Amino acid sequence: MSKKKLTLKQQKFADEYIITGNIYKSAVKAGYSKAYARGNAAKLMENVSIKKYIDERLEEIKSEKVADQQEIMEFLTAVMRGEVDEPMPLLDGDGYQKVVKVTPNAQARKSAAELLGKRYAMWTDKRDVNVAGAVTFVDDIGDEDET
């Protein structure tokens, strides 16, 4: 993590801030007095070591918990190609069930293909048109009095 060690109170503050996103409540919960938190909680966020710790922890959490675009695209591609298996209960004839692994059905594969197609804008009627130059409006409607 950070080269400069945080105090226990600073680390508690940073960890609480990651959870709540509220500077004041995080400071109080970390053990700072309400008076200190009211006037100085924002200064804790300006502390370079605290800010670096928070940024590093958020990056760790993001990379551990959240699928990125690449992972999602790889999964959808694997489903579309039938490369993944999923468990499915199946009656075995004796009144019992067993779990077998099956590849995605055609509907699941089609759905994955459609999501991939949307990502690459393969099936869209919209056109991205950029017009260069000036727009000229022509008033070719006569006056109402000329009827």
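Residues numbered from 1 in each chain as written. Predicted model: local features only at pLDDT ≥ 70, side-chain atom pairs only at ≥ 80, totals over all residues. Heavy atoms only, no water.

(A) How the structure looks around the packing of helix 5 (residues 69-80) against helix 6 (residues 106-119). Interhelical geometry of helix 5 versus helix 6 gives an angle of 140° and a closest axis separation of 8 Å. Considering their axes alone, helix 5 and helix 6 lie oblique with respect to each other. By crossing handedness, the relation of helix 5 to helix 6 is classed as left-handed. Residues Met73, Leu76, Thr77, Val79 and Met80 of helix 5 touch helix 6, and the partners they reach there are Ala108, Arg109, Ala112, Ala113, Leu115, Leu116 and Arg119. (Axes fitted to C-alpha atoms, helices over the stretch in contact; angles between N-to-C directions. Helix = DSSP H or I, 4+ residues; strand = E, 2+ residues; numbered from the N terminus. Parallel < 35°, antiparallel > 145°, perpendicular 65-115°, else oblique. Left-handed = near helix turned anticlockwise from the far one by under 90°. Contact = heavy atoms within 4.5 Å.)

(B) View of the pairing of strand 2 (residues 97-102). Little of strand 2 is tucked away: zero of the six residues are buried. Bridge analysis of strand 1 (residues 86-91) against strand 2 gives six bridges, and the strand direction is antiparallel. Counterpart to Glu86 in the pairing with strand 2 is Val102. Counted along the chain from strand 1 to the antiparallel partner strand 2, the turn is five residues long, and its residue Gly93 has a positive phi close to 100°. (Buried < 20%, exposed > 50% of the residue type's maximum accessible area, 1.4 Å probe, protein only. Pairing = 2+ DSSP bridges.)

(C) Seen up close, the pattern of salt bridges. One pass over the full model with this rule turns up two salt bridges. A salt bridge links Asp55 to Lys51, with the shortest nitrogen-to-oxygen separation between them at 3.9 Å. With Asp55 and Lys51 both in helix 4 (residues 48-65) and four residues apart, this pair spans about one turn of that helix. The exposure class assigned to Asp55 is partly exposed, which follows from its relative accessible area of 41%. Lys51 gets classed as partly exposed once you look at its relative accessible area, which sits at 44%. Across the pair Glu60 and Arg57 runs a salt bridge whose closest N-O atoms are separated by 2.5 Å. Taken together, the residues Glu60 and Arg57, both in helix 4 and three residues apart, mark about one turn of the helix. (Salt bridge = Lys/Arg side-chain N within 4 Å of Asp/Glu carboxyl O.)

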